[in-house]
Amino acid sequence: TVDTSHEDMIHDAQMDYYGTRLATCSSDRSVKIFDVRNGGQILIADLRGHEGPVWQVAWAHPMYGNILASCSYDRKVIIWREENGTWEKSHEHAGHDSSVNSVCWAPHDYGLILACGSSDGAISLLTYTGEGQWEVKKINNAHTIGCNAVSWAPAVIPGSLIDQPSGQKPNYIKKFASGGCDNLIKLWKEEEDGQWKEEQKLEAHSDWVRDVAWAPSIGLPTSTIASCSQDGRVFIWTCDDASGNTWSPKLLHKFNDVVWHVSWSITANILAVSGGDNKVTLWKESVDGQWVCISDVNKGQGSVSASVTEGQQNEQ
Amino acid sequence: MEELDGEPTVTLIPGVNSKKHQMCFDWGPGEMLVCETSFNKKEKSEMVPSCPFIYIIRKDVDVYSQVLRKLFNESHGIFVGLQRIEEELTGKSRKSQLVRVSKNYRSVIRACMEEMHQVAIAAKDPASGRQFSSQVSILSAMELIWNLCEILFIEVAPAGPLLLHLLDWVRLHVCEVDSLSADVLGSENPSKHESFWNLVTILVLQGRLDEARQMLSKEADTSPASAGMCRIMGELMRTMPILSPGNTQTLTELELKWQHWHEECERYLQDCTFASNPHLESLCKIMLGDEAALLEQKELLSNWYHFLVTRLLYSNPTVKPIDLQYYAQSSLDLFLGGESSPEPLDNILMAAFEFDIHQVIKECSIALSNWWFVAHLTDLLDHCKLLQSHNLYFGSNMREFLLLEYASGLFAHPSLWQLGVDYFDYCPELGRVSLELHIERIPLNTEQKALKVLRICEQRQMTEQVRSICKILAMKAVRNNRLGSALSWSIRAKDAAFATLVSDRFLRDYCERGCFSDLDLIDNLGPAMMLSDRLTFLGKYREFHRVYGEKRFADAASLLLSLMTSQIAPRSFWMTLLTDALPLLEQKQVIFSAEQTYELMQCLEDLTSGKPVHGGSDTQQCQDDDIETTKVEMLRLALARNLARAIVREGSLEGS
């Protein structure tokens, strides 16, 4: 356990890349960073700067240094950076008219790019161009009513990457997914001119899409996205062809209540789903493509159970 | 599709009120974070004191104890050895080699068990002592299962030897006999010891008839009344036909002989030879395989599989492997007698007797809390080509699945991850990509660790990972102002862009401080210099300084000039270069030829024409301007003088 001493509801907690640091954010408007090595907890920073509840935090890839992004009800996105051992606000983005609900860093291969989804229906993309400067691209009306979640596709190296001449960056096709209050999941692609275009609309939910998560790449040509919605359903979308045009949904499960959050483990073999009836359930794909629930993480009063037994697997 | 057999297990997180709030979570590299929250995004949350705790959930926490780590290390060695000799395993020797590997694994488990046992005894507080003891029993169960699998699946013992193996198996695992034996024999009058008959009985139950006979002879010595009966019993024991290893008799011969012997025992029983001594009578019944008599000895047998083996020994010693399951099932039922239900271990063993490998693996996965056992066992069975022969849809994939799970678990540990690398290597389908995903997440606390990780990546041509790791380290070095280190990391990563960045920093530092840091590195760049233009410039510039220091002025001069004319020098640096040229221009002898001087002048004009005129806003600016102008004027003067001298010199040389 880590005692965050947040004075109000915690909305998000994220481990950094190596699992050594923990960032948490809360309705008490603060973002806290802890060092959790060897089971200990040391508060490294208590970052104040938001004027409203902070909804999400996201760690950037360590090659850019120690960078954390946070988004809040106060319509702002703040990027924090650790410089010489102290954490400071490095940049503030105030380009939205409404609460910013979700932030997600792009794969490090693309550079330092942050996607932000907001209740004003727009998605903004902040790209670090050097010397403390950030370039902003905005996709207005990405989702009517509001955008609730953004998630980047893993970087796929196009074609065969033979040793490029020095200094030249390979041409990645940048894509991300967003989920919104229009019950849709949209896939966005960056065009050659640098503009972002809506590539696909994935329709299956009958209520607000609360979260989308693009699964990490495991080397297969398929792409997988998980989405969850207010309608209690969680869908797994798969696309088999490399061009990414035909997506087929599979219903993971219909819960009795709103499903708020979905998240993939690092090697994409387990999907965690939070929501209905206050449980976090873990799902794994079995051989024949069916998704099976392998564990429930429940809350309750009383006894402590120290380990999760996930010994279930499926053969045959 | 087969349904999951049980409900998924539920883990309770303490202190979180499930009525009011939801839980949000995230994945860490090896664990899961959970905290209480409310997903309803309202500005004003209810001012209810909510739980400020975040829970970190990890799988298999018990896995990382000292003793088990040894288990992982040693079994890793066996695993890798097995994969490597796979190609060499052919023909007849294959089976014996695989059996040997299996025995290796088992001995590792036993060693671990021993150690754990010592730790349990030495434990300071009873709670941890209990924990260790339960670990010991888990390990013991694992070895029990593995041993049985070895007999049935790997050794594939046929009827005849099968029973001998099973006897060994039971003897190995029901080991109170030895201590009991020591007790009884160590006493003054063994045959009068209270546990004497227990000992004899259990020896008979385990088929150790020679030892039993010895005990009986002691009894015969001390109590002449039963001497006669003991002698008869002893004879019976001696003459029981058994299959000894290397015996040339066929099964049919053995069966015949055994039948004959069995009838002889029966006769003695019918004749009430042993009637006066209930102990001996019960022994006789046991040796006749009488179930009731055997069941009376439940306590000594202590478990149903012992019962099974004894039963087989004395009623059907030439049992065929495929018939085992019927005996097993009935033995289990008889032994439990409806009083208790089978435990997971019982189910696993039963599945083994039924030769249902997949059921065994499945039950083991459910019962055990970590993947070590199933991963290694399945791998070994796969090498025995058993999984494929079972014609399962994804026979070999199950092996990989289990190995991947096991290896992923290892990566969560600060030092065991290195073992995990090898396991991933031997997973042909998803091993490589899993390794790629995991290896980037290893925290690089020390340079040593980073080098280790890099070496692993480089060995496997994981260039992406190498690049990203080097970049991370290079950035860290730059932030800590260790430019030399940063440069070497970016060279290793073959990252041209970053090398340029670092070179720029070097040059900037030089401008500010007038000297270079990390000279060694720059001097010995070698072909790596070609990585980026800026880096090449840095290297060449340093070379210029060196050559100058060696007073090879002509060479230095031409090098300097080439630096400027070849366009690899950044414009911002030209002034510095020109300033460096000054001492060369001021030398007594003429170093720059007229031609070269013209070129230098051209460069200077290029530079100054491009410069904007500063609006003289503050004194600092004015001072800077002044310095600039003075420098330029000095240069112009020096260049002009040099030009003059050069023309003169060249003119006069030409003249003669």
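The structure this text deals with has already been given above.
Criteria and thresholds
- Residues numbered from 1 in each chain as written.
- Chains lettered and ligands numbered in written order.
- Predicted model: local features only at pLDDT ≥ 70, side-chain atom pairs only at ≥ 80, totals over all residues.
- Heavy atoms only, no water.
- Helix = DSSP H or I, 4+ residues; strand = E, 2+ residues; numbered from the N terminus.
- Buried < 20%, exposed > 50% of the residue type's maximum accessible area, 1.4 Å probe, protein only.
- Contact = heavy atoms within 4.5 Å.
- Areas by Shrake-Rupley, 256 points an atom, 1.4 Å probe, with all protein chains shown as cover.
- Phe/Tyr/Trp six-rings, centres within 6.5 Å; stacked < 30°, edge-to-face > 60°.
- Pairing = 2+ DSSP bridges.
- Axes fitted to C-alpha atoms, helices over the stretch in contact; angles between N-to-C directions.
- Patch = residues over 30% accessible without salt bridge, like charges linked within 9 Å, V, L, I, M, F, W, Y side chains within 5 Å.
- Salt bridge = Lys/Arg side-chain N within 4 Å of Asp/Glu carboxyl O.
- Lys, Arg positive; Asp, Glu negative; His and termini not counted.
- Charge placed at Lys NZ, Arg CZ, Asp CG, Glu CD.
- Core = buried A, V, L, I, M, F, W, Y, C linked by side-chain atoms within 4.5 Å.
- Parallel < 35°, antiparallel > 145°, perpendicular 65-115°, else oblique.
- Nonpolar A, V, L, I, M, F, W, Y, C, P; charged D, E, K, R; others polar.
- Expected span 1.5 Å × (residues − 1).
- Arc of directions from axis to C-beta.

Caption draft 1: Local environment of the overall build of chain B. For chain B, the count of helices and strands is 31 helices and four strands. Going through the 656 residues of chain B one by one, you find that 50% of them count as buried. Intrachain contacts of chain B at a sequence separation of at least 6 include 63% that bridge at least 24 residues. Element-wise, carbon and sulfur atoms account for 52% of the exposed surface of chain B, whose accessible area totals about 31000 Å².

Caption draft 2: Highlighting the packing of aromatic side chains. Residue and element names in this part refer to chain B. Taken as a whole and judged by the stated rule, the model has 35 aromatic pairs over all chains. Ring centres of Trp146 and Phe373 lie 5.6 Å apart, and the angle between their planes is 75°; this geometry places the pair in the edge-to-face category. Residue Trp146 is located in helix α3 (residues 126–154), and its partner Phe373 is located in helix α17 (residues 372–383); the two are separated by 227 residues in the primary sequence. Ring centres 6.0 Å apart and planes at 40° place the aromatic pair Phe307 and Phe335 in the tilted group. Linking Phe307 in helix α13 (residues 304–315) with Phe335 in helix α14 (residues 324–336), this pair joins segments that are 28 residues apart in sequence.

Caption draft 3: Structural view of the side chain of Ser490(B). Residues and elements named next belong to chain B. Relative to the assigned elements, Ser490 resides in helix α24 (residues 483–492). Look at Ser490 and you get buried, because its relative accessible area is 1%. Among all residues touching Ser490, those that are not within four sequence positions of it are Ala474, Asp495, Phe498, Ala499, Val502 and Leu531.

Caption draft 4: View of the sheet that holds strand β19 (residues 223–229) of chain A. Residue and element names in this part refer to chain A. Within the open sheet, the four strands sit side by side as β18-β19-β20-β21. Their pairing is antiparallel. This sheet does not close on itself; its edge strands, each paired only once, are β18 (209–214) and β21 (247–254). Across this sheet, the average inter-strand angle for adjacent strands is 20°, counted without regard to direction. Sheet topology places β18 next to β19; five bridges connect them, and they run antiparallel.

Caption draft 5: Focus on the pairing of strand β13 (residues 133–139) of chain A. Residue and element names in this part refer to chain A. Looking at chain direction, strand β12 (residues 123–130) and β13 are connected through seven bridges and run antiparallel. What sits directly across from Leu126, in β13, is Val136. Two successive antiparallel strands, β12 and β13, enclose a turn made up of two residues, where Glu131 displays a positive phi of approximately 55°.

Caption draft 6: Representation of the environment of Asn147(B). Residues and elements named next belong to chain B. Looking at the secondary structure, you find Asn147 in helix α3. The exposure class assigned to Asn147 is buried, which follows from its relative accessible area of 5%. Taking C-alpha positions, Asn147 is 9.9 Å from His173, a pair spaced 26 residues apart along the chain. When sequence neighbours within four positions are dropped, the list of residues in contact with Asn147 reads Arg106, Trp169, Leu172 and His173.

Caption draft 7: Structural detail: the environment of Ala159(B). Residue and element names in this part refer to chain B. Take Ala159: it is sitting in the loop between α3 and α4 (161–173). The spacing of Ala159 and Pro321 is 162 residues in sequence and 6.2 Å in space, taken between C-alpha atoms. Leaving out residues up to four positions away in the same chain, Ala159 has contacts with Leu251, Thr318, Val319, Lys320 and Pro321.

Caption draft 8: Molecular detail of the sheet that holds β13(A). All names here are of chain A. The strand order across the open sheet formed by four strands is β10-β11-β12-β13, and the pairing between neighbours is antiparallel. Lying at the two open borders of the sheet, with one neighbouring strand each, are β10 (100–105) and β13. For this sheet the average axis-to-axis angle between neighbouring strands, irrespective of direction, equals 20°.

Caption draft 9: Quick look at a negative patch on the surface. Residues Glu263(B), Glu266(B), Asp290(B) and Glu296(B) make up a contiguous surface patch of negative charge. Along the chain, the position of Asp290(B) falls in the loop between α10 (278–287) and α11 (291–296).

Caption draft 10: A look at the pattern of salt bridges. All names here are of chain B. Applying the stated criterion to the full structure yields 36 salt bridges over all chains. Of the charged contacts in the structure, one is a salt bridge between Glu143 and Arg110, with a shortest N-O distance of 2.4 Å. Separated by 33 residues along the polypeptide, Glu143 in helix α3 and Arg110 in helix α2 (residues 91–122) bring together distant segments of the chain. Residue classification places Glu143 among the buried positions, given a relative accessible area of 0%. Take Arg110: its relative accessible area is 29%, and that puts it in the partly exposed class. When the shortest N-O distance is used, the salt bridge between Asp504 and Arg534 registers 2.4 Å. Taken together, the residues span a long stretch of sequence, with Asp504 in helix α25 (residues 496–513) and Arg534 in helix α27 (residues 533–549) at a distance of 30 residues. Sharing partners across several salt bridges, the network here consists of Lys103, Arg106, Arg110, Glu143 and Glu150.

Caption draft 11: Representation of the nonpolar core. The biggest cluster of nonpolar side chains holds 217 residues, and the ones touching the most others in it are Trp105(A), Trp169(B), Trp304(B), Phe353(B), Phe373(B), Tyr541(B) and Leu577(B). Setting aside its immediate chain neighbours within four residues, Trp105(A) contacts Ala58(A), Trp59(A), Ala60(A), Ile67(A), Ala69(A), Ile79(A), Leu112(A), Ile113(A), Leu114(A), Trp134(A) and Trp152(A). Within the second largest apolar cluster, 16 residues are counted, among which are Ala106(A), Ala115(A), Val150(A) and Trp188(A).

Caption draft 12: A look at the packing of α3(B) against α4(B). All names here are of chain B. The N-to-C vectors of α3 and α4 enclose an angle of 170°; their axes lie 10 Å apart at closest approach. Taken together, the axis directions place α3 and α4 in an arrangement best described as roughly antiparallel. Two secondary-structure elements touch here, α3 through Glu143, Leu144, Asn147, Leu148, Ile151 and Leu152 and α4 through Leu162, His165, Leu166, Trp169, Leu172 and His173. Class assignment of the residues belonging to the contact of α3 with α4 gives a composition of eight nonpolar, three polar and one charged.

Caption draft 13: Quick peek at the pairing of strand β5 (residues 42–48) of chain A. Residue and element names in this part refer to chain A. As judged from the six bridges shared by strand β4 (residues 30–35) and β5, these two strands associate in the antiparallel manner. For Val31, the partnering residue across the bridge sits in β5 and is Leu47. Hairpin connection, β4 to β5: the antiparallel pair is bridged by six residues, and Asn38 has positive phi, about 50°.

Caption draft 14: Layout of unusual backbone geometry. All names here are of chain B. Positive phi, close to 65°, is recorded for Ser302, a residue that is not glycine. Residue Ser302 is classed as partly exposed on the basis of its relative accessible area, which comes to 40%. At Phe355, a position not held by glycine, the phi torsion is positive, near 60°.

Caption draft 15: Broad picture of α14(B). Residue and element names in this part refer to chain B. Taking 1.5 Å as the rise per residue, α14 with 13 residues should run 18 Å; its terminal C-alpha atoms sit 18 Å apart, in good agreement. Of the positions making up α14, those classed as buried are Leu324, Ala328, Ser331, Leu332, Phe335 and Leu336. Buried residues in α14, looked at end-on, bunch into an arc of 110°, giving them a common side. The secondary structure elements touched by the buried residues of α14 are α3, α4, α11, α12 (298–301), α13 and α15 (344–353).

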